[in-house]
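Inside the fold
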Amino acid sequence: MPNISEMDLRILRELARDGRQSNAQLAERVGLSASQCWQRVKKLETSGTIVGYGARIDHEALGVPETVLIELALDRNEGFEVATVCEQLARFPEVLEVRMTSGEFDIFAKVVVSGTRGYERFLRERLYKITGIRQSRSAFSLRSYKNEISVVP
C-alpha cells in the first residue's frame, strides 16, 4: 500500500462514510484538532488521494429506476480503439460507469434507464450509433446489495 498514515486512513474512512460532515465533526471523530484535520484533508485533496465529493442520487426519483450492466466486444480487424469507444460512452448522461476490461469483452458499462422501453431507446439512439461494436451482452440489475463508490483498506 502507498505511504498513507493510519490517521489519513481514518480520515478517508470517515469521509467515505459521510463526506458532508463538517471539519469539526471529522476532527472529533478521528481524534485531531480542527486545524490538523483540515490540513490533512487539504493534503489528501492536493495529492489526488481524494478526487472529489458527491451526492448519492435515488435514480427512481428521477424516472430512471433500472440499472443495466452491459458488456461490449469490439471489432478487432477494423482497428477501433477501445479507449475511443469508452470515451464516447462516457459522454452519455445515463451512463454511470465505463471500464476497459480483460477477457471475452472489451468494455463494461453501467447505465440507468426507464425500464425496457428506456433501454431500447438507449440502444437505438446511443449505443448502436457507436462504430466498432461487434457484440453486446446486457443484464438488468434486479437488486443492489452493495453500492459503494470507494474503499479504504
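Here is what the cut-offs are and how they apply
Residues numbered from 1 in each chain as written. Predicted model: local features only at pLDDT ≥ 70, side-chain atom pairs only at ≥ 80, totals over all residues. Heavy atoms only, no water. Axes fitted to C-alpha atoms, helices over the stretch in contact; angles between N-to-C directions. Helix = DSSP H or I, 4+ residues; strand = E, 2+ residues; numbered from the N terminus. Parallel < 35°, antiparallel > 145°, perpendicular 65-115°, else oblique. Contact = heavy atoms within 4.5 Å. Nonpolar A, V, L, I, M, F, W, Y, C, P; charged D, E, K, R; others polar. Buried < 20%, exposed > 50% of the residue type's maximum accessible area, 1.4 Å probe, protein only. Pairing = 2+ DSSP bridges.

Quick notes on the packing of helix α1 (residues 6–17) against helix α3 (residues 34–46)
Two numbers describe how α1 lies on α3: the axes approach to 11 Å, and their chain directions differ by 80°. Regarding the angle of α1 to α3, the classification is roughly perpendicular. Residue-level inspection shows M7, D8, I11, L12 and L15 of α1 in contact with α3, the latter providing R40, V41 and L44. In terms of residue class, the contact of α1 with α3 is made up of 6 nonpolar, no polar and 2 charged.

Points about the pairing of strand β3 (residues 107–113)
Here β3 lies mainly inside the structure; 6 of its 7 residues are buried. Pairing between strand β1 (residues 66–74) and β3: 7 bridges, direction antiparallel. Considered in β3, the bridge of I70 is made with A109. In sequence, strand β2 (residues 95–100) turns back onto β3 through a hairpin of 6 residues, with G103 there showing a positive phi of about 100°.

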